[in-house]
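Coordinate analysis (summary)
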Amino acid sequence: MIPTDAVPPAPRINALQKFWLREIGIEKTWLQAAEPPVPARPASTAAATAPEAVAAADAVLARAMPAAAPALPAEAPSAPAKPAAPAARPAARPVPVPAAKAPQPPVVQPVVPAHDFDALREQVVQCTACGLCNGRRHAVFGMGARPARWMVVGEAPGEQEDRQGLPFVGRSGQLLDAMLASVGLNRENDVFIANVIKCRPPGNRNPKPEEIAACSPYLMRQIELLKPERILVLGRFAAQTLLGTDATIGSLRGRKHVLAADDGRSIPVVVSYHPAYLLRSPVEKARAWQDLRLAMAQA
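Residues numbered from 1 in each chain as written. Predicted model: local features only at pLDDT ≥ 70, side-chain atom pairs only at ≥ 80, totals over all residues. Heavy atoms only, no water.

Per the stated rule, a full pass over the model turns up nine salt bridges. Across the pair Asp118 and Arg146 runs a salt bridge whose closest N-O atoms are separated by 3.6 Å. Highlighted residues: Asp118 in helix α3 (residues 117-125) and Arg146 in the loop between β1 (143-144) and β2 (150-154), separated in sequence by 28 residues. With a relative accessible area of 45%, Arg146 lands in the partly exposed category. Across the pair Arg187 and Asp177 runs a salt bridge, and its minimum N-O distance is 3.0 Å. You can see Arg187 sitting in the loop between α5 (170-181) and β3 (191-195) and its partner Asp177 sitting in helix α5, a full ten residues away along the chain. (Salt bridge = Lys/Arg side-chain N within 4 Å of Asp/Glu carboxyl O. Helix = DSSP H or I, 4+ residues; strand = E, 2+ residues; numbered from the N terminus. Buried < 20%, exposed > 50% of the residue type's maximum accessible area, 1.4 Å probe, protein only.)

Right under this line is the structure:
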């Protein structure tokens, strides 16, 4: 039995093997065994046996060395390093935003005394009670006879009305004048024409509730000052505003309504189509003629 602490004899390598180990950069200094001297050979003999010696040394190296690691590819020239991205800043704390205040209803400017019609006109021209004043060119107070047998109430100024400061101009105004002439009336001597809203809404949209609240006192004071015998209301929005209803124009036209004036009078009201609608729908002109005759019949 071999003792467990016995050291196995070191492998013996000759001088030629040692020479090849040195050539490839390996020094086997841990081999401590004495090597017998190698007798010198003539140069011709050493040269003749070199191939066989090389083969023998290769065999020894294959057994003594571990498998060679695969060669690493040559490193490509490195690209210039990009500057490091700046460190991300900590997220800013949200700034507390105070809760939005509920919109306050517009303050309606006081209406001038009922006996001063010219002062009422001036107040309308200078009115800033709602936001419509910011986009208008002219406030459209109205025009026509004073006092008036008839009062015609439209909805709001359009583009041409805003340019000229007059109600019902352009094609709609021409059609309205023809309708009135068909029953023997004209805007200079018999009719006063006004709108519920005195300033043009952007894009001819329907007025907002706060805009109606700002303008309706002016219309009611105009009615009180003019004391018309009857009122012809043109268009759905104007009819719903003046009569305080959300009914359709089809259910409102063709019959008599009554408006209680501030002076205690009851004024007959007839609803009809707006001239702009009649220009788009000529077939409704027959019904508009019926409405005019109904208004003529009111006492």
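On we go from here.
Another aspect to go through is the sheet that holds strand β4 (residues 230-234). Taken together, six strands build an open sheet; the order of strands is β1-β3-β2-β4-β6-β5 and the sheet is mixed. Unpaired on one side and paired on the other, β1 and β5 (256-260) mark the two borders of the sheet. Bridging between β1 and β3 involves two bridges; their strand directions are antiparallel. By the bridge assignment for β3, Gly144 is matched with Phe192. (Pairing = 2+ DSSP bridges.)

With that out of the way, let us pick up the environment of Gly173. Mapped onto the elements of the fold, Gly173 is located in helix α5. For Gly173, a relative accessible area of 2% gives the class buried. Measuring from C-alpha to C-alpha, the distance between Gly173 and Glu161 comes to 9.7 Å, with twelve residues separating the pair along the chain. Once residues lying within four places of it in the same chain are set aside, the contact partners of Gly173 are Phe168 and Arg187. (Contact = heavy atoms within 4.5 Å.)

Here we come to the packing of aromatic side chains. For the coordinates displayed, the defined rule picks out four aromatic pairs. Considering the side-chain rings of Phe117 and Phe192, the 5.9 Å spacing of their centres and the 90 degrees angle between planes classify their relative orientation as edge-to-face. One end of the pair, Phe117, is in helix α3; the other, Phe192, is in strand β3, with 75 residues separating them in the sequence. Among the residues examined, Phe117 registers a relative accessible area of 7% and is labelled buried. On the accessibility criterion, Phe192 (1% relative accessible area) is buried. Grouped by ring-pair contacts, the aromatic residues Phe117, Phe141 and Phe192 constitute a single cluster. (Phe/Tyr/Trp six-rings, centres within 6.5 Å; stacked < 30°, edge-to-face > 60°.)

The next subject is the pairing of β3. Counting buried positions over the five residues of β3 gives five, a clear majority of the element. Looking at chain direction, β2 and β3 are connected through five bridges and run parallel. Bridge pairing in β3 links Trp150 to Val191.

What follows covers the nonpolar core. Among the nonpolar cores identified, the biggest contains 58 residues, and Met151, Val152, Phe192, Ile223, Ile231 and Val233 are the most heavily contacted of them. Top contributing element to this core by residue count: helix α6 (residues 209-226), with eight residues. (Core = buried A, V, L, I, M, F, W, Y, C linked by side-chain atoms within 4.5 Å.)

With that out of the way, let us pick up unusual backbone geometry. Cis rather than trans, the peptide bond between Arg146 and Pro147 has omega equal to -10 degrees. Summarising the element assignment, Pro147 is placed in the loop between β1 and β2. Even without glycine at this site, Phe168 takes up a positive phi of about 50 degrees. Along the chain, Phe168 falls in the loop between α4 (159-164) and α5. Residue classification places Phe168 among the buried residues on the basis of a relative accessible area of 5%. Of note in this structure, Asn204 is not a glycine but carries a positive phi near 60 degrees. Mapped onto the secondary structure, Asn204 falls in the loop between β3 and α6.

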